[in-house]
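Structure assessment
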Amino acid sequence: MNKLSASAKVYLTIVFIVLYAPIFYLIFYSFNSGGSMNNFKTFTLEHYQAVFEDSRLLVILINTVIVALLSALISTIIGTLGAIGIVTVKDSKMRNTLLSLNNVLIVSPDVIIGASFLILFTLVGIKLGFASVLLAHVAFSVPIVVLMVLPKLLEMNNSLIDAALDLGATKKDVMMRVILPYIQPGIFAGFFLALTYSLDDFAVTFFVTGNGFSTLSVEIYSMARAGISLTVNAISGLVFFVTVLVVVGYYFITSRTNKRMEGQR
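Residues numbered from 1 in each chain as written. Predicted model: local features only at pLDDT ≥ 70, side-chain atom pairs only at ≥ 80, totals over all residues. Heavy atoms only, no water.

Along the protein chain, the regular secondary structure elements total 12 helices and zero strands. Along the protein chain, helices and strands appear, N-terminal first, in the series α-α-α-α-α-α-α-α-α-α-α-α. For the C-alpha atoms alone, the extent of the protein chain along its principal axes is close to 70 × 60 × 30 Å. The burial tally for the protein chain puts 37% of its 265 residues in the buried class. Counted over contacts in the protein chain with a minimum sequence separation of 6, partners at least 24 positions apart contribute 70%. On the protein chain, roughly 16000 Å² of surface is accessible, and the fraction owed to carbon and sulfur atoms is 68%. Considering the protein chain, the positive charge centre built from 17 side chains and the negative charge centre built from 13 side chains are found 6 Å apart. (Helix = DSSP H or I, 4+ residues; strand = E, 2+ residues; numbered from the N terminus. Buried < 20%, exposed > 50% of the residue type's maximum accessible area, 1.4 Å probe, protein only. Contact = heavy atoms within 4.5 Å. Areas by Shrake-Rupley, 256 points an atom, 1.4 Å probe, with all protein chains shown as cover. Lys, Arg positive; Asp, Glu negative; His and termini not counted. Charge placed at Lys NZ, Arg CZ, Asp CG, Glu CD.)

As C-alpha cells, then:
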C-alpha cells in the first residue's frame, strides 16, 4: 500500500507539473524587462503597468467581469430551478431524457455551440455584442449549474419536506427554508464554476461577439496573433490570478457553509 501510495503521489506530481509549468513559465516572463521569452534580463512590472495604462484593455476587463458575474448569477437561478424541476418529475424516462439533453450541451464542442448561437442570433436579429455574449454564456453555464445542484437534491431526504408540510409550511416556505438551505453548497459550486467558465471561455465568445465589444480571452487571442508581446503574458497572468481567487473564494465559502450545517445538525 505504501509503494502504491508513493507511486500515486509521484504520478499526481508529474501531472500537476505538466499542467502548471507552461502557465508559470508564461507568468515568469511577464516580469522580464526584455521584449522576448528567450532570456530573462531583469525584473520589471512595466508590462503590468502597460496593461493598467491601456484604457481599452481596462474596458475589456470590466466587460469580462460584468458578463461573468451576470451570466453566473442568471444561470445559477435558472439551473437551480431546472434541477429542482427535474427531480420533481415522477416519470423516470422523462427525467432521464431531460438529464440527457442537459448533458449533451456539456459534452458538445464549443465550436458547434458558438456557431449555433451565431446562426440563431443572426436569424432572430439580435445584434452581436454584450447581449449576445451574455445569452451565450448563460446558455452554456446552465447545464453546469444543474449538474452541481442535482446531487444535493438527490441526497436530500424527502421526509424533511413532508415534515415541513405537516407543520403547516407553504410551498414557498418549503422552498426558501428547507430546500434552498440544504442545497446551498451545490448552488455555490454551480455559481463559481459558471463564473470560472465564463471568465475563461474563448470559442463560444469568439463566435458571438461583435464590433465594439470584446472579452479578455478574445482580446488575448487577437494580441497573440499580432505578434509576441509580453503584455499578453501580463494579461494572462492577471486572468490566472483572478481565477485562483475565485477558486479560493469558493472553497472558503463552501467550507464555512459545511461547518455551519454540521453545527446545526
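Now that the structure has been shown, we can carry on.
With 27 residues, the main nonpolar core has Val149, Leu153, Ile179, Ile183 and Leu195 as its most contacted residues. Mapped by element, the contributors of at least two residues to this core are helix H3 (55-88), helix H6 (130-155), helix H7 (158-166), helix H8 (171-182) and helix H9 (184-200). When residues of this core are assigned to their parent elements, the largest contribution, eight residues, is made by H6. Grouped together as the second largest cluster of nonpolar side chains are 12 residues, Tyr48, Ile60, Met223 and Val239 included. (Core = buried A, V, L, I, M, F, W, Y, C linked by side-chain atoms within 4.5 Å.)

Further remarks concern the packing of aromatic side chains. All told, the structure shown has 17 aromatic pairs when counted by the stated rule. Members of the aromatic cluster, joined through ring pairs, are Phe16, Tyr20, Phe24 and Phe240. The ring of tyrosine 182 is capped by lysine 152, whose NZ or CZ atom sits 5.3 Å from the centre of that ring. (Phe/Tyr/Trp six-rings, centres within 6.5 Å; stacked < 30°, edge-to-face > 60°. Lys NZ or Arg CZ within 6 Å of the ring centre and 35° of its normal.)

Take the pattern of salt bridges next. Following the criterion strictly, the structure yields two salt bridges and no others. Put simply, glutamate 155 and lysine 152 hold a salt bridge, and the shortest N to O gap is 3.4 Å. Here glutamate 155 pairs with lysine 152, and both are found in helix H6, just three residues apart, close to one helical turn. (Salt bridge = Lys/Arg side-chain N within 4 Å of Asp/Glu carboxyl O.)

On to the packing of helix H4 (residues 92-107) against H6. When two helices pack together, their arrangement is given by the angle between their axes and by how far apart the axes lie. Between H4 and H6, whose axes approach to 8 Å, the crossing angle comes to 125°. Compared by their axis directions, H4 and H6 come out oblique. Of the two elements, H4 crosses H6, and the hand of that crossing is left-handed. Taking contact as the criterion, the partners of Leu99, Asn102, Asn103, Leu105 and Ile106 in H4 are, on H6, Val142, Pro143, Ile144, Val146, Leu147 and Leu150. Among the residues forming the contact of H4 with H6, the class breakdown is nine nonpolar, two polar and no charged. (Axes fitted to C-alpha atoms, helices over the stretch in contact; angles between N-to-C directions. Parallel < 35°, antiparallel > 145°, perpendicular 65-115°, else oblique. Left-handed = near helix turned anticlockwise from the far one by under 90°. Nonpolar A, V, L, I, M, F, W, Y, C, P; charged D, E, K, R; others polar.)

With that out of the way, let us pick up H3. Compared with an ideal rise of 1.5 Å per residue, which puts 34 residues at 50 Å, H3 spans 49 Å between its outermost C-alpha atoms and is within 8% of the ideal. Two to three positions downstream of the cap, the backbone nitrogen of arginine 56 sits 3.0 Å from a side-chain oxygen, assigning the N-cap of H3 to aspartate 54. (Expected span 1.5 Å × (residues − 1). Polar contact = N/O pair within 3.5 Å; in protein donor to acceptor, adjacent residues only side chain to side chain.)

Another aspect to go through is a nonpolar patch on the surface. Together, Ile62, Ile66, Leu70, Leu73, Ile74, Ile77, Ile78, Leu81 and Phe130 make up a nonpolar patch on the protein surface, roughly 770 Å² of accessible area in all. Here the nonpolar patch gets eight residues from one element, more than from any other, and that element is H3. Note that leucine 70 resides in helix H3. Residue classification places leucine 70 among the partly exposed residues on the basis of a relative accessible area of 33%. (Patch = residues over 30% accessible without salt bridge, like charges linked within 9 Å, V, L, I, M, F, W, Y side chains within 5 Å.)

What follows is about the side chain of serine 217. Locating serine 217 in the fold gives a position in helix H11 (residues 216-226). Of note is the side chain of serine 217, whose polar atom sits 2.5 Å from the backbone oxygen of aspartate 201. For serine 217, the residues in contact, after removing those within four places along its chain, are Asp200, Asp201 and Phe202.

Look at H3 against H9: their axes get within 8 Å of each other, and the N-to-C directions meet at 145°. H9 is crossed by H3, and the crossing has right-handed handedness. When H3 is examined against H9, the residues Thr64, Val67, Ala68, Leu69, Ser71, Ala72, Leu73, Ser75, Thr76 and Thr80 are found in contact with a partner set consisting of Ile187, Gly190, Phe191, Ala194, Leu195, Ser198 and Leu199. For the contact of H3 with H9, a count of residues per class yields 10 nonpolar, seven polar and no charged.

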